[in-house]
Amino acid sequence: MKFTEFGFDQRLMDGIDASGYENATPVQEQVIPLIMEGKDVIASAQTGTGKTAAFLLPLINKILTDPHEDHTNNALVIVPTRELAIQIAQHMEGLSYFTSVSSIAVYGGGDGNAFVQEKKALSQGADVVICTPGKMMAHIKMGYVKMGGLKYLILDEADRMLDMGFYDDIMFIIDSLPKKRQNLLFSATMPGKIRELARKILHHPEEINISISKPPEKIVQEAYIVYDTQKIPLVKHLLHKKNFKSVLVFCSSKIAVKNLTRDLKRAKFLADEIHSDLDQNKREEVLIKFKSGRLPILVATDILSRGIDIDNIDLVINYDVPHDGEDYVHRIGRTARAAAEGSAYTFVTVKEQRKFLAIEKLLGKPVPKAEVPAELGETPRYNTASSSRPTGKKNFSKPRRFQNKAKR
Ligand code: AMP
């Protein structure tokens, strides 16, 4: 589903575009319309599914388009850790970049300056406050936090917050909020204590369950950390190394599919392509050849990643990092079906590292990094610290923690 279908304000669309998002992830597809309708939502969704944007996008849109009071905090996002608060604030900055929606992250461990800035924002009223429970409670107790017109409450990673013993702090914060508000609860798991919390906080919630299956253990997963220019030579190297019978290569764009297929054909590999520029007959013809084993190498856009049952693929190459964890699992699930064994290699460029790290988080463990052959030249480092930088075409370097709403 394209983001244009949600009917978002153009200023928000510009932020989505600048963040490099094209299609909504499954959790976004399900959750965004419900939030736009004003429903309370309880969603089980893990990190890596795009859950942050699933609540930030409709939230920003509502703040942009629905009437709301000034001089009050409008939305409160409560999260378990400082790291998550910072990460969500960065998402927020990226997505709201072209809007006047203000936001602030409020978390423990900051210095005196941070405290003064937080106090100023909370007493004047920020549009979106992203906070950890302890620090927020401390501010509320000091009496200056303006909550009178608050309309939205979001609890993110609620199971982790309860595990960390934040129940009382959360309830204290909630007691200071207006009773009439829209509530959203996200949690990776749904144990009884989360359902109990939901019963206390949410009103007739819609329930969304995005559970992601883990890929089968027997798939050998490896990642190659590369520069863009090394991708085509690396595909050729891998195809030469072992005599794979059936190889599926996924690219994220039609152009990449066409370029790679052309290069493989020139190098005398038996390869063909499948993407939406081909008519249905041609697509079926290519697919039949591939399924029957007459075509050993198929290069595809992700029109093939879901639901198509092709047996006996022994190698899947993610030429580009799939756009979310679910796509990754679906793509590599094309290999090692039934009793067969399979390998899944993913190429990760510098600008895709953050996305890949999110996928690794979802899988619950890092994917082993394979060595790129020396003749392909030096490779970038896998810099897990890059995970704290926003992605996207734009350089979001402008510090914009809190802007006075009077400027709106
Ligand atoms: P989250 O599950 O919210 O932690 O998001 C995981 C990663 O997916 C983050 O790096 C997001 O920037 C990215 N992301 C979220 N939504 C989309 C989308 N629709 N298209 C591409 N990337 C996305």
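Residues numbered from 1 in each chain as written. Predicted model: local features only at pLDDT ≥ 70, side-chain atom pairs only at ≥ 80, totals over all residues. Heavy atoms only, no water.

This paragraph deals with the sheet that holds strand E13 (residues 342-348). Here 6 strands make up an open sheet; going across it, the order is E8-E13-E12-E9-E11-E10 and the pairing parallel. On the outer flanks of this sheet lie strand E8 (219-225) and strand E10 (271-274), each paired with one strand and no other. If you compare each strand with its neighbour and ignore which way they point, the axes differ by 20° on average. The pairing of strand E12 (residues 315-318) with E13 spans 4 bridges and is parallel. The partner of Val316 across the bridge, within E13, is Ala344. Set on the sheet, helix H10 (residues 231-241) makes contact with E8, strand E9 (247-250), strand E11 (297-300), E12 and E13; between it and E13 the angle comes to about 160°. (Pairing = 2+ DSSP bridges. Helix = DSSP H or I, 4+ residues; strand = E, 2+ residues; numbered from the N terminus. Axes fitted to C-alpha atoms, helices over the stretch in contact; angles between N-to-C directions. Contact = heavy atoms within 4.5 Å.)

On to the sheet that holds strand E5 (residues 152-155), then. Strands sit in the order E3-E4-E2-E5-E6-E1-E7 across an open sheet of 7 strands; the sheet is parallel. Each of the sheet's edge strands pairs with one partner strand only, and the pair in question is strand E3 (103-106) and strand E7 (206-209). Shown here is a sheet whose adjacent strand axes are inclined to one another by a mean of 15°, direction ignored. Pairing between strand E1 (residues 41-44) and strand E6 (residues 182-187): 4 bridges, direction parallel. Within E6, the residue paired with Ile42 across the bridge is Leu185. Sheet contacts for helix H9 (residues 192-201): E1, E5, E6 and E7; angle to E6, the most-contacted strand, approximately 175°.

Overall, the predicted model of the chain reaches an average pLDDT of 87, with 90% of residues at or above 70. Predicted confidence is poor over residues 386-408, with pLDDT under 50, and the contacts of this stretch with residues over four places away or in other chains come to 65 contacts. (pLDDT = per-residue confidence, 0-100.)

The subject of this paragraph is the side chain of Asn318. Note on placement: Asn318 falls in strand E12. Side chain to side chain, Asn318 and Thr346 meet in a polar contact 3.0 Å long. Ignoring sequence-local partners within four residues, the contact set of Asn318 consists of Phe250, Tyr328, Arg331, Ile332, Tyr345, Thr346 and Phe347. (Polar contact = N/O pair within 3.5 Å; in protein donor to acceptor, adjacent residues only side chain to side chain.)

Our focus in this paragraph is the pattern of salt bridges. This model, assessed by the stated rule, comprises 20 salt bridges. Of the charged contacts in the structure, one is a salt bridge between Asp9 and Arg11, with a shortest N-O distance of 2.9 Å. Salt bridges here are not isolated pairs; linked through shared partners, they connect Lys51, Asp156, Glu157 and Arg160. (Salt bridge = Lys/Arg side-chain N within 4 Å of Asp/Glu carboxyl O.)

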